[in-house]
Amino acid sequence: MKAPAPALAAPQAQAVPDEDLHTVPVRHWGRWATAAVVLVLGAGTLWSLAKNPNLDWATVGEYLFHETVFSGLVTTLWLTAAAMVIGLVGGTAVAVMRLSSNPVLSLLAGLFIWFFRSTPILVQIIFWGFLGALYQELAIGIPFTDVTFFAAPTSELITPTIAALLALGLNEVAYAAEIIRGGIQSIDPGQAEAAHSLGMRPGLTLRRVVLPQAMRVIVPPMGNETVTMLKTTALVSVIAGHDLMSNIQDVYAQNYKVIPLLVVAALWYLLLVSLLSIPQGWLERRYGRGTSSASASPLRRLLAVRPRTRKGAGA
Amino acid sequence: MVVAKGVTKRFGKLEVLKGIDLTVGRGEVCCLLGPSGSGKSTFLRCVNHLERLDGGSLTVDGERVGYRRRGDALHELPEREIALQRRDIGMVFQRFNLFPHMTALENVMEAPVRVRRESRATARERAGKLLDRVGLGDRAGHYPAQLSGGQQQRVAIARALAMEPKLMLFDEPTSALDPELVGDVLDVMRSLAADGMTMVVVTHEIGFAREVADTAVFMDEGVVVEAGDPREVLDRPVQERTRAFLSKVL
Ligand SMILES: Nc1ncnc2c1ncn2[C@@H]1O[C@H](COP(=O)(O)OP(=O)(O)OP(=O)(O)O)[C@@H](O)[C@H]1O
Ligand SMILES: [Mg+2]
């Protein structure tokens, strides 16, 4: 694939002195070819989808902003947010316990992480949903005595929503704990020593010195976790959690318009996940303070590394 | 100010300090010298209890650091009380260990605000003065990554001084620096010494030790080989090991 340039360039090569020559980056003809193929294939797929009567865009439009879908959306959103808050707060606690010099705490945290990461989330959701089958009544008291402070039937206490929150939250605690532990361990121990030598106590050192730096390592995988969580909430449909997916299933169980309603669900999940990248970018920049790459936005950084083409004097 | 008696320290089977005796008077500057691995850093870290002692006793300003004596045993203090003791002991590290997510000014303000509960305004004013003192008044808003090694080390000194310590520990403060940056840091330390700060300095800067130190201590393999007036220890060493070391460094 020789460019037809030489015929044009040859006379210039003699006319222009060496120091005024300009460079031409490699031409990527292959990229153009693949782009064309992809465009044609993509357009074909979209066309066939658009024309397919089974997709039924009218129904998609009808349900996209339907009340049922909206209420499911709200549940999905707050379930995600609440589970992530539980995950972050609990995960930090479990991570600190895991790193503690107290062997009991460390072992306990290890067991917790092991258990919740080693059982399928679907099993955990169903388990919490059917907790009533294991304990008819939940009570708080002193073990092995008759002292009870509080008791209530399980079915009243653990509603499907609470069950969903427990399952998703506790599972997230385990994953978040490992991410946060990794973040804490990535920080030079000299940082904590410097803080200690200033008279800062371990808790203050963690809060002011170690965690803010660890956040740089923690935020990207936690963003990932949030995306996963948003989609995992769809699983609570197995215990009638009234999330977006549950409600969509309720609708198509009645009108049998499965495909259009799945498109509605997919569109909403796509939008929500896309929106999530905005706060993530913001957090990454905030916790990147003091590092050389923090000032510019990721896009500007990408553009900045492109080598500039040297322009000839006449150009 | 610092009194060490028979300080021993082991890492596993390795005995790093084998009974260190050392006294540093108030307002004195003590320079610790010795070959790599002789235990200088370890001893310094014992002084503010970044390392636990295995034996012996160590007091700063008459107060036992990190332990309380009960009967014939020394019981380690809870972190809370050790943190209180460490407020009075400043430390400067070989690799600076500035907090990279805070500006120079925030680094210096952090401990006064969070540990001593000073108001932000007071702390900011004092931090500005301290940065002026180490010659970095115009760099207050810079992050550590935007400062040279010598500037970072001077910020680190200002950060330690912000707690108004009675004692300053320096662990090879200039050995991570390019030669042309060493002078600025040594100047700051010299002025500190002139102001009467008690200092224990691990250093390979023989010239600085000779000029500033009240006592020079030569350590090797976890013991003090020779200690005394720096002009005696550095220029007319009695011990063969001291002579061998100095001939390599000079
Ligand atoms: N945390 C640790 N765990 C195990 N061994 C250690 C630890 N810290 C230091 N040591 C060992 O203790 C010995 C003394 O170390 P130390 O850092 O006190 O030496 P130093 O005199 O400061 O040397 P240098 O001039 O190289 O800094 C070395 O043999 C080192 O390997
Ligand atoms: Mg050392």
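Details of the structure are given in the entry above.
As the structure is a computational prediction, the values presented were derived from the model and not from experiment. Along each chain, the written sequence defines residue order, and numbers are assigned to residues from 1. Written order decides the labels, with chains lettered from A and ligands numbered from 1. Note on the predicted model: pLDDT of at least 70 is required for a residue's local features to be given, and 80 or more for side-chain atom pairs to be given and counted; whole-chain, interface and lining totals, by contrast, use all residues. Water and hydrogen atoms were dropped before computing side-chain values, which therefore reflect all heavy atoms in the structure.

Focus: the packing of helix α9 (residues 189-197) of chain A against helix α10 (residues 202-232) of chain A
Axis angle and axis distance: for two packed helices, these are the angle between their axes and the distance between the axes, and together they describe the pair. Residue and element names in this part refer to chain A. Here, axes are lines fitted to C-alpha atoms. For helices the fit covers the stretch in contact, and angles between N-to-C directions go from 0 to 180 degrees. Each helix is a run of H or I in the DSSP string that is no shorter than four residues. Each strand is a run of E no shorter than two, and both are numbered from the N terminus. At a minimum axis distance of 10 Å, the contact between α9 and α10 shows a crossing angle of 140 degrees. Between α9 and α10, the crossing angle belongs to the class labelled oblique. The element α9 and its partner α10 pack so that their crossing is right-handed. Side by side, α9 and α10 meet where Gln191, Ala192, Ala195 and His196 of the first sit next to Pro202, Thr205, Val209 and Gln213 of the second. Any residue that is not Ala, Val, Leu, Ile, Met, Phe, Trp, Tyr, Cys, Pro, Asp, Glu, Lys or Arg is counted as polar, Gly included; the first ten are nonpolar and the last four charged. Residues belonging to the contact of α9 with α10 are distributed by class as follows: four nonpolar, four polar and no charged. Here roughly perpendicular refers to angles of 65 to 115 degrees, roughly parallel to angles under 35, roughly antiparallel to angles over 145, and oblique to all remaining angles. Each crossing gets its handedness from the near helix: less than a right angle anticlockwise from the far helix is left-handed, clockwise is right-handed. A contact between two residues is defined here by any heavy atoms of the two lying within 4.5 Å.

Observations regarding the site of ligand 1
All names here are of chain B. Close contacts around ligand 1 come from Phe11, Leu14, Val16, Pro35, Ser36, Gly37, Ser38, Gly39, Lys40, Ser41, Thr42 and Glu172, and that covers them all. Interatomic distance of 2.6 Å between a side-chain N/O atom of Ser41 and an oxygen atom of ligand 1. In the model, an oxygen atom of ligand 1 is placed 2.5 Å from a nitrogen or oxygen of the Thr42 side chain. Taken by itself ligand 1 offers 630 Å² of open surface, and the protein chains cover 60% of this. Elements represented by at least two residues in the shell around ligand 1 include exactly β2 (14-24) and α1 (40-47). Counting residues per element, the shell around ligand 1 draws most heavily on α1, at three residues. Among the residues forming the shell around ligand 1, the class breakdown is four nonpolar, six polar and two charged. Only heavy atoms are used to decide nearness, and a residue is near a molecule or strand if one of them lies within 4 Å of it. Identification of polar contacts relies on pairs of N or O atoms within 3.5 Å, with a donor-acceptor requirement for protein atoms, meaning one able to donate a hydrogen and the other able to accept it, and with residues adjacent in sequence counted only if both atoms are side-chain atoms. Only the protein chains shown count as covering a residue, and every accessible area follows the Shrake-Rupley method with a 1.4 Å probe.

Considerations on the interface of chain A and chain B
Contacts between the two partners involve 20 residues from chain A, matched on the other side by 27 residues from chain B. Regarding the contact of chain A and chain B, the summed buried area is about 2,100 Å², with carbon and sulfur atoms giving 59% of it. When two parts are put together, the accessible area they lose, computed with a 1.4 Å probe and summed over both, is reported as buried area. For the chain A face of the interface with chain B, the top three residues by lost area are Ser197, Leu198 and Arg208 of chain A, together amounting to 28%. By definition here, a salt bridge exists when the distance from a side-chain nitrogen of Lys or Arg to a carboxyl oxygen of Asp or Glu is within 4 Å. At the boundary of chain A and chain B, one finds three salt bridges. Arg45 of chain B is the salt-bridge partner of Glu193 of chain A, the closest N and O atoms lying 2.8 Å from each other. Between the two partners, chain A and chain B, sit five residue pairs in polar contact (both at pLDDT 80 or more). Secondary structure elements with two or more residues in the side of chain A that touches chain B: α9 and α10 of chain A. When residues in the side of chain A that touches chain B are grouped by element, the largest group, seven residues, is from α9 of chain A.

Notes on the sheet that holds strand β12 (residues 223-228) of chain B
Residue and element names in this part refer to chain B. Strand pairing requires that DSSP identify at least two bridges connecting the strands. In spatial order, the strands read β8-β9-β10-β3-β11-β12; together these six strands make up an open sheet with mixed pairing. Lying at the two open borders of the sheet, with one neighbouring strand each, are β8 (89-92) and β12. Recorded for the sheet is a direction-independent mean angle of 15 degrees between the axes of neighbouring strands. Summarising the sheet, strand β9 (residues 167-171) and strand β10 (residues 198-202) pair through five bridges and their orientation is parallel.

Focus on unusual backbone geometry
All names here are of chain B. The backbone phi angle of Phe96 is positive, close to 65 degrees, even though this residue is not glycine. Note that Phe96 resides in the loop between β8 and α3 (104-114). With a 1.4 Å probe rolled over the protein chains alone, any residue whose accessible area is under 20% of its type maximum counts as buried; one over 50% counts as exposed, and the rest are partly exposed. Taking relative accessible area as the criterion, Phe96 reaches 11% and is therefore assigned buried. Even without a glycine there, the phi angle at Glu221 is positive, about 50 degrees. Mapped onto the elements, Glu221 comes out in the loop between β11 (215-220) and β12.

Side note on the pattern of salt bridges
Residues and elements named next belong to chain B. For the coordinates displayed, the defined rule picks out 27 salt bridges over all chains. The partner of Glu51 in a salt bridge is Lys9, with the nearest N and O atoms 4.0 Å apart. Of this pair, Glu51 sits in the loop between α1 and β4 (55-60) while Lys9 sits in strand β1 (residues 2-11), placing them 42 residues apart in sequence. Classification of Lys9 by relative accessible area gives buried; the value is 8%. Taking the shortest distance from any N to any O, the salt bridge between Arg26 and Asp61 comes out at 2.9 Å.

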